[in-house]
Amino acid sequence: MEKSSDNSEDDIFAETNETVDVEDVDLNSSGAGVSTPAATAAPAPAAEKLEPSAPPAAASAPPAAATAPADPPASNSSSGGPSKLELPASLAFEYLLTVRVTKPEKIGDGMGAYVAYKVSFSTTIPAFSRPEGSVRRRFSDFLGLYEKLHEKYLRDGFVIPPKPEKSVVGATKVKMSKDSVEEDHFVERRRAQLERFLVRCSDHPVLRMDPDFREFLEHDGDLPKSSGTRALSGAGVMRVFSSIGSSVQRMTYKMDETDQWFEDKNQEVHQLEEHLHRLHSSIEALVNHRREYGFMAEQFAGSANMISSVEENTNLSFAFTKLAETEERVGRLQIEQADSDYYGLAELLHDHLAMLESVRASLYERVRVYKTWKDAEIALTKKREEKVRNELGGKADKAAACEAAARELEGQVERGQEAFDKISATVRSELERYDLRRGYELKTAIVASLEHQLRQQQCVLEAWEAYLPEAKRILAA
Amino acid sequence: QHHVDLSDSRQGRTESVDLGNGNDLRVEISDALSEKERVKFTIRTVTSLVPRFARPEFSVIRTHEEFAWLADRLAENVEYAGCVIPPVPPTPDFSSSREKLARLGEGESSMSKEEYDKMKSELEAEYLATFKKTVAMHEVFLRRIAEHPKLREDDIFKVFLEFDKDLSVRSKNKREMVQGFLKTGWKTVDDAILSTQKEKDEFFEAQKRFITVFYGHLRSALSEADRMNRHYKATADTYIRVSACASACTKFERDDGLAEFLSSFAEFCERYRKLEGRTASDSDLKLADTLHYYVSDCNSAKDLLYRRARALADFESANKELEKARAKGKAVQKAEADQEAAFNTFNTISEAARAELISFKQRWVAYLHKNLTELAELQIKHSRGQVQLLTQTLERLRQG
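A quick note: this is a predicted structure, and the numbers were derived from the prediction, not measured. (Residues numbered from 1 in each chain as written. Chains lettered and ligands numbered in written order. Predicted model: local features only at pLDDT ≥ 70, side-chain atom pairs only at ≥ 80, totals over all residues. Heavy atoms only, no water.)

*Asks:* What am I meant to see in the overall build of chain A here?
*Replies:* When helices and strands are tallied, chain A shows 12 helices and 3 strands. Within chain A, contacts between residues at least 6 apart in sequence are counted, and of these 77% link residues at least 24 apart. Looking at chain A as shown, the accessible area adds up to about 21,800 Å², and 55% of this sits on carbon and sulfur atoms. (Helix = DSSP H or I, 4+ residues; strand = E, 2+ residues; numbered from the N terminus. Contact = heavy atoms within 4.5 Å. Areas by Shrake-Rupley, 256 points an atom, 1.4 Å probe, with all protein chains shown as cover.)

*Asks:* How should the sheet that holds strand β3 (residues 132-138) of chain A be read in this particular structure?
*Replies:* What holds strands together in a sheet is hydrogen bonding between their backbones, with the strands either parallel or antiparallel. Residue and element names in this part refer to chain A. Here 3 strands make up an open sheet; going across it, the order is β1-β2-β3 and the pairing antiparallel. The open sheet has two edge strands with one neighbour each: β1 (97-107) and β3. Taking each pair of neighbouring strands and ignoring which way they run, the sheet shows an average axis angle of 20 degrees. Here helix α5 (residues 139-153) sits on the sheet in contact with β1, β2 (114-123) and β3, set at roughly 105 degrees to β3. Relative to the sheet, helix α8 (residues 211-218) contacts β1, β2 and β3, its axis offset from that of β3 by approximately 90 degrees. (Pairing = 2+ DSSP bridges. Axes fitted to C-alpha atoms, helices over the stretch in contact; angles between N-to-C directions.)

*Asks:* Just checking my understanding: could you explain the pattern of salt bridges for this structure?
*Replies:* Oppositely charged side chains can pair when the atoms bearing their charge come close. Across all of its chains, the model carries 64 salt bridges over all chains by this definition. Linking R254 of chain B and E268 of chain A is a salt bridge whose minimum nitrogen-to-oxygen distance equals 2.4 Å. In this pair, R254 of chain B sits in the loop between α6 (202-252) and α7 (256-328) while E268 of chain A sits in helix α10 (residues 260-310), so the two residues belong to two different chains. A relative accessible area of 43% places R254 of chain B in the partly exposed class. (Salt bridge = Lys/Arg side-chain N within 4 Å of Asp/Glu carboxyl O. Buried < 20%, exposed > 50% of the residue type's maximum accessible area, 1.4 Å probe, protein only.)

*Asks:* Would you explain the pairing of β1 of chain A in this entry?
*Replies:* The side chains of a regular strand alternate, first on one face of the sheet and then on the other. The sheet contact formed by β1 of chain A and β2 of chain A spans 9 bridges and is antiparallel. Bridged to T98 of chain A within β2 of chain A is S122 of chain A.

*Asks:* Would you explain the UniProt feature "coiled-coil region" (unreviewed entry) in chain B in this entry?
*Replies:* Look at the UniProt record and you will see "coiled-coil region" (unreviewed entry) annotated at residues 308-335 of chain B. Taken end to end, residues 308-335 of chain B is 89% helix and 0% strand, and its two terminal C-alpha atoms sit 21 Å from one another. (UniProt positions renumbered as here; feature names shortened; annotations may be inferred.)

*Asks:* Just checking my understanding: could you explain the environment of Y114 of chain A for this structure?
*Replies:* Residues and elements named next belong to chain A. Of note, Y114 is situated in strand β2. C-alpha separation for the pair Y114 and R332, spaced 218 residues apart in sequence, amounts to 32 Å. Discounting residues that sit within four places of it in the chain, Y114 has contacts with E105, K106, I107 and R138.

*Asks:* Is there a simple way to explain the domain arrangement of chain A in this structure?
*Replies:* Bring the parts together and some accessible area is lost; that lost area is often taken as the interface size. All names here are of chain A. Taken domain by domain, chain A comprises domain 1 (89-225) and domain 2 (260-476). For domain 1 and domain 2, the distance between their C-alpha centres works out to 19 Å. Contacts between the two partners involve 22 residues from domain 1 and, on the opposite side, 25 residues from domain 2. Here domain 1 packs against domain 2, burying approximately 2,200 Å² in sum over the two surfaces, 52% of which is carbon and sulfur. Per-residue buried area on domain 1 facing domain 2 is highest for L91, V159 and R200; these three make up 29% of the total on that side. Counting across the domain 1 and domain 2 interface gives 4 salt bridges. Put simply, E347 and R189 hold a salt bridge, and the shortest N to O gap is 2.9 Å. In this structure, the connection of domain 1 to domain 2 is made through 13 residue pairs in polar contact (both at pLDDT 80 or more). Residue composition of the side of domain 1 that touches domain 2, by class: 9 nonpolar, 5 polar and 8 charged. (Domains from an automatic or database assignment. Buried area = accessible area lost by both parts, 1.4 Å probe. Polar contact = N/O pair within 3.5 Å; in protein donor to acceptor, adjacent residues only side chain to side chain. Nonpolar A, V, L, I, M, F, W, Y, C, P; charged D, E, K, R; others polar.)

*Asks:* Mind showing me how you'd approach the domain arrangement of chain B here?
*Replies:* Residues and elements named next belong to chain B. Its domain assignment divides chain B into domain 1 (1-9 + 21-93 + 129-165) and domain 2 (197-399). Relative placement of domain 1 and domain 2: their C-alpha centres are 22 Å apart. Listed as interface residues are 13 residues of domain 1 and, on the opposing side, 17 residues of domain 2. The tally of links from domain 1 across to domain 2 stands at 3 salt bridges. With a closest N to O distance of 2.8 Å, R144 and D297 form a salt bridge.

What follows is the structure, encoded as structure tokens:
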């Protein structure tokens, strides 16, 4: 994977990030789209050592926002302000937190080798011990963080950002290969996933404040090894069993849904998954064809050069050389476009499909809480009946015991209902947040892709315009 | 059955570099009909050479086999041994279009009606383009014969153009197939002769070198150009899927802004793919097809060099026979006559070949000039269109 020399980025991370990551655009716009002074001022001071990312896509967002200083907060409405692409106000924060994952580096050799990533952050959140910094983390560290967050917050209905994927084959290849880690597609893909994971955490109102998350970003030196994340560990095996159990459970318990909003939402999630899946595979197909096209164009250029070397007619020979140059340039541009769309669009959609799994998990937690509540209600009813039977049967002590138990169950029912209301509110707000986020990210990614394509296409145009006079010269004296 | 309207593509469809014979014999394919397994071409001739031809204007219907038969007859004729015989046009082949159509039918249930209709009409356009191409290739073949000073006088050519009944050319029977194999067998022998023959003539030495090396590179370039264009076209067609998926997403999207956005994006994909499709097919036409034709023509030039090489070999063996005869003192006169005949044959071919090869080169420089220029111009035109569409779409998506 070669570095693109087209984008002149003075970003210090530029050499490992060849394509615009959608999250970069997020971070920039979240400052530009909102009118709170803290947020708009933020990009400048935080930018001292850590420039918040790639110019090309970002360059288009600020000007759009700049033309509309008094933008109404509901910038997402279809009656639309001057730009439809701003981050919705409800997704922005008073305090900024920017995270990046860069510079993958292979440590060690053979099967014990691993890849370490540089994790950097920049923030105005007071709880952090310093405004910026960076640490080195490895893949298992990320998984460890995920497990902690998952355990702490899922049961309250929060949508946890999806776990970065394990891929035994890919990882082993990297361990064993002698190639430069930075150029590897697998490594790049993983790096992007890890970054997206952290960025999603940092964009979540509750997760971003979590102490484990903070420690992950701030703690200098290695984190305690989370051996529980290794695939064949005991904890790993247990996890597999428990996840099987829960999906079976999901199928067997039928909740009596009284809230129309949730009724509709369940339907929607299902549809959304289906359609996103199709969109994802069509984009993947597009990317693959385009990549093949680019590659073949480069091959063709090779042959055209060979033709030129044998051709005796000098003008014709030159024309073939120039044709080779042109097709090679076009091929290169197409490959770059394919790569950009792969990381910017295809991988994004893949990530959203994973997010929908998390969404489902949250919805399911709510069902579990509901079940607990209703189970308590049923137990209460039974206890009361038992008490009445005892009273009628003249067993005063047993009746008294039932009374006591019933009172306790009443408390449980009350708490159960409270928990259900609370989790319903949380899940609902989480899903609404997620919808806004999804819409924003999709729009931004598509616009970034088209902008990239526009630049590429302008280069293609230039290449052919340069070739035309050469073709015409074939018949010159 | 497919009746094809060729009127729109007639302008500049086929190239004829005027060899100075004026317009006294104009041949064109005015109509074409595709039925089942074969294509029937209607060939219309307009000529002022009336005593030779019965009427000034007339038409006949021919199948591809009859074209191939004509090509074979010309190639066999020793009179034309010194000429570059125009290569026989490729057999009309719609199998890939048919396969794609079949595959589309199989996948029909898994896509929306809209998507299916779009892919179907795209495939039909492809089929039509293939059809027009085969017509063009057959026409070019005839035109080159009509413009060649020697070949145009050929009687079999006249019969081909005029005889209004079926030529009763059955497809190759066993004997002819064996002969065909022998011919290719000869080719490898020819290759050996060509490479080992001592060539005193610098011109032909250069030609030999050029043709053999050049030919190899040309063929790789050609196969790569084909694959390149195929993937390019596939890229363009995939936009249909993307467009359909984006459209489908809008249907249940609660957020109006997002729905509108996706709808605009879907529309963009549809319009963009048409531009990309056209770019791909122009690249196919101007680049790949040109190379295809160049390869065929180089083949014909190669055949010419083979024939000359064979004649030279015959001459050299006649020389040896003459020496033997003189040594033995027997049948010297016959040997002398043979040697002289062989020499004459060789000489005629060689001289004719020299002129032919020079004009071959001239023709190709002109042809490449035309096609590469047109290629660049079309790519520029489409690129501009794409840039414009992208710019407009971005504005629309940003502003609403």
